[in-house]
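# Structural overview for review
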Amino acid sequence: MTGQERSEEKSECVSLSPMREAVPAPPECERVCVFGTGDLGRSLGLRLLQAGYGVVFGSRRPHSSSSLIPHGSQVLGHAAAAQSGHLIFIAVQREHYDFLVPLANQLKGKVLVDLSNNLRKNQYPEANAEYLQSLVPGAEVVKGFNTLSAWSLQKGPSDANRQVYICGESVQAKQAVMAVATKLGFSALDRGFLSVARELEDFPLQLFPQWRLPLYIATGLSAAFFFYLLIRDIIYAYFTQGKDISFRIMVSLANKVCPIVSLIMLSLCYLPGVLASFLQLYRGTKYRRFPDWLDRWMLCRKQLGLLALGFAFLHVLYTLIIPIRYYVRFKATERTVSVIRENRTTEFDTTTAWSGDSYLSLGILGFSLYVLLGITSLPSVSNVLSWREFSFIQSKLGHLTLLLCTAHTYLYGWNKFLSSSTYKWCTPPGYMLCLVLPSVVLLLKLLLITPYTHTQNNTLSVMTALSSRHELLFLCYCTL
Ligand code: NAP
């Protein structure tokens, strides 16, 4: 630094904290520069100071900066601040990047970290980081830290927010930024070249991307079965018998829709794995990628399963409140009174007792395993399981859950399948419709575990997932 620059820095430097004189930054500490004294700039500056860096802010108004500036930092004009460090974090909105053009000479050879985000996807023709690089071609632009919020930076890294994504053209520049990220307590992941910047800029705009499809399916199925059952149960009774039983919408109908949607969604969880196995057997190789739709389907199986569990849970709650319902109590009393009045006796039916108890017992067992599947899909639990344990639970016990829940539903209607009164307006009851998919999945799975197909599939099965583009955690769901 020339003597003139030194004196310029001295004159532009504003003391913001009385503490700064008392506790000066160690002279040998590495200095980094942050352009912008807004929310993100200040939060990042604070963390950098806490991690032992010397921090110099570059601001339009170094003399009238906010009192919120972290103690121990310096605030200079942009040109002077740019001289003070090799690494410059740009915590300024993209719209204002043109202020950097006149600084092109001072920024030559520096590493510029682009922290910016956009308000919506495809807001600009190119990524902000690429735009920055075009404005300052002599600098090394690295995209990074934009997925962290100012708040999380102030709070410090937590388990849920540890990851920092980095991309850029220069390996050395990325390493320098990753070193800072690591020192701040984050784990940095190099995502490649600057062309990935747009993807990183879209991250903060995402809203539950993996939940979207499962939520659409759940909503669609719930609505479809609700209206189907409304017509079959409530409207049918009104038109054919003149009875108003609309009160049943709240509990009885809901308690039919929930298990139906739950069972279908559980089947949808296991169907893609079975389809993938058959596809591999058909192709005779594991070295070809699955079609995109199958890939996407497999990637959202965890969410499908958790939503299915949610519906099963609602079914359990609705079932538990049956005895306290006014309608049920009224009917039970009425039946008892009529038996007494008519001096009738009723025979104990062992078959009904057996089927009723089996139906309930299979439901309880199925639900317990359902809960186990849900718990083991949580990252905190799955992380402590070995690959074999996880795949045993999600695959073997998962199919057993599907089998138990399907059997539970078959037993529900065991004596009604052939009764013509069940088919109101020639339509089958909802539970019969929902049995189609799980029965198909279980049948296909049975075919896969027959000795011939099992041998063929055995070596392919695990590798199938590897040939797909899935994350490791999702491999377990594949071909199970
Ligand atoms: P902010 O609070 O509005 O601060 C922006 C700063 O930019 C201002 O304080 C100002 O600093 C500087 N600035 C404003 N107009 C300027 C101009 N014409 N020329 C030069 N500098 C100008 O915004 P922020 O929340 O810190 O966000 C800054 C960037 O970080 C944005 O691109 C945002 O997308 C990104 N980001 C923010 C967060 C977050 O949680 N806030 C998270 C991730 C990414 P001076 O007055 O000191 O010049």
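Procedures and definitions
Residues numbered from 1 in each chain as written. Predicted model: local features only at pLDDT ≥ 70, side-chain atom pairs only at ≥ 80, totals over all residues. Heavy atoms only, no water. Helix = DSSP H or I, 4+ residues; strand = E, 2+ residues; numbered from the N terminus. Buried < 20%, exposed > 50% of the residue type's maximum accessible area, 1.4 Å probe, protein only. Contact = heavy atoms within 4.5 Å. UniProt positions renumbered as here; feature names shortened; annotations may be inferred. Pairing = 2+ DSSP bridges. Right-handed = clockwise from strand over helix to strand, strands pointing away. Salt bridge = Lys/Arg side-chain N within 4 Å of Asp/Glu carboxyl O. Axes fitted to C-alpha atoms, helices over the stretch in contact; angles between N-to-C directions. Expected span 1.5 Å × (residues − 1). Bend = angle between axes of the 7 residues up to and from the residue. Patch = residues over 30% accessible without salt bridge, like charges linked within 9 Å, V, L, I, M, F, W, Y side chains within 5 Å. Areas by Shrake-Rupley, 256 points an atom, 1.4 Å probe, with all protein chains shown as cover. Near = heavy atom within 4 Å. Polar contact = N/O pair within 3.5 Å; in protein donor to acceptor, adjacent residues only side chain to side chain. Nonpolar A, V, L, I, M, F, W, Y, C, P; charged D, E, K, R; others polar. Arc of directions from axis to C-beta. Parallel < 35°, antiparallel > 145°, perpendicular 65-115°, else oblique. Left-handed = near helix turned anticlockwise from the far one by under 90°. Phe/Tyr/Trp six-rings, centres within 6.5 Å; stacked < 30°, edge-to-face > 60°. Core = buried A, V, L, I, M, F, W, Y, C linked by side-chain atoms within 4.5 Å.

### Section: the overall build of the protein
A count of helices and strands for the protein gives 21 helices and eight strands. Counting across all 480 residues of the protein, residues that qualify as buried make up 44%. Nonlocal contacts in the protein, meaning residues at least 24 apart in sequence, comprise 72% of its contacts between residues at least 6 apart.

### A word on the UniProt feature "transmembrane region" (unreviewed entry) in the protein
As annotated in UniProt, the feature "transmembrane region" (unreviewed entry) corresponds to residues 215-239, 259-282, 303-328, 359-385, 397-415 and 430-448 in the numbering used here. The span residues 215-239 is 100% helix and 0% strand, and its two end C-alpha atoms sit 34 Å from each other. Across residues 430-448, helical content stands at 95% and strand content at 0%; the span's end C-alpha atoms are separated by 29 Å.

### Some points on the pairing of strand β8 (residues 187-190)
Direction of pairing for strand β7 (residues 163-168) relative to β8: parallel, over a ladder of four bridges. By the bridge assignment, Tyr165 is partnered in β8 with Leu189. Taken together, β7, helix α8 (residues 171-183) and β8 constitute a β-α-β crossover, and its handedness is right-handed.

### Here's the deal with the pattern of salt bridges
In this structure the tally under the stated criterion is eleven salt bridges. The residue Asp39 makes a salt bridge to Arg42 at a minimum N-O spacing of 3.1 Å. Here the residue Asp39 and the residue Arg42 both occupy positions in helix α3 (residues 39-50), the gap between them amounting to three residues, near one helical turn. Look at Arg42 and you get buried, because its relative accessible area is 17%.

### Quick notes on the sheet that holds β7
An order of β3-β2-β1-β4-β5-β6-β7-β8 is seen for the eight strands of this open sheet, with the pairing classed as mixed. At either end of the open sheet lies a strand with only one pairing partner, and these are β3 (74-77) and β8. Averaged over all adjacent pairs, the angle separating strand axes in this sheet is 30°, with direction ignored. The pairing of strand β4 (residues 87-90) with strand β5 (residues 111-114) spans four bridges and is parallel. The residue bridging Leu87 from the neighbouring strand is Val111, located in β5. Running over the sheet, α3 touches β1 (31-35), β2 (54-59) and β4 and is turned about 160° from β2.

### Quick notes on helix α11 (residues 252-283)
Spanning 32 residues, α11 covers 47 Å between terminal C-alpha atoms, matching the ideal 46 Å at 1.5 Å per step. Of all the bends in α11, the largest measures some 30° and sits at Tyr270, one to four residues before the proline Pro272. Within α11, 24 of the 32 residues are buried, which leaves it mostly tucked inside the rest of the structure.

### Considering a nonpolar patch on the surface
A surface patch of nonpolar side chains, about 540 Å² in accessible area, is lined by Ile231, Ile235, Tyr238, Phe239 and Trp425. Note that Ile235 resides in helix α10 (residues 209-241).

### A short note on the site of the ligand
Around the ligand, the structure places 19 residues, and the nearest of them are Thr37, Leu40, Ser59, Arg60 and Ala150. Leu40 places a main-chain nitrogen or oxygen 2.8 Å from an oxygen atom of the ligand. Grouping the amino acids of the shell around the ligand by side-chain chemistry returns seven nonpolar, ten polar and two charged.

### Section: helix α12 (residues 292-299)
Taken as a whole, α12 has its buried residues at Leu294, Asp295, Trp297 and Met298. The arc enclosing the buried residues of α12, seen along the axis, measures out at 165°, which places them on a common side.

### Brief notes about the packing of helix α15 (residues 350-376) against helix α17 (residues 387-412)
Contact geometry for α15 and α17: axes closest at 8 Å, N-to-C directions at 150°. As judged from the angle between their axes, α15 and α17 are roughly antiparallel. For the pair α15 and α17, the sense of crossing is left-handed. Here the contact of α15 with α17 is built from residues that sort into 16 nonpolar, eight polar and no charged.

### Describing the packing of aromatic side chains
Summed over all chains, the structure comprises 15 aromatic pairs. Both rings, one in Phe35 and one in Phe99, keep their centres 6.0 Å apart while their planes meet at 50°; by these two values the pair is tilted. Here Phe35, found in strand β1, pairs with Phe99, found in the loop between β4 and α5 (104-107); they are 64 residues apart in sequence, far enough to count as distant. Looking at Phe35, the relative accessible area reads 0%, which means it is buried.

### Quick look at the side chain of Ser222
Here Ser222 shows up in helix α10. The residues contacting Ser222, other than those within four sequence positions of it, are Val257, Val261 and Phe311.

### Describing the nonpolar core
Counting residues in each nonpolar core, the largest one holds 49 residues, and the members touching the most others are Ile264, Met265, Leu304 and Tyr370. Looking at this core, the elements that each hand over two or more residues are α10, α11, α12, α13 (301-320), α15, α17 and α19 (436-448). With 15 residues, the top contributor of residues to this core is α11. Leaving out residues up to four positions away in the same chain, Tyr370 has contacts with Ser262, Leu266, Gly305, Ala308, Leu309, Ala312, Thr401 and Cys405.

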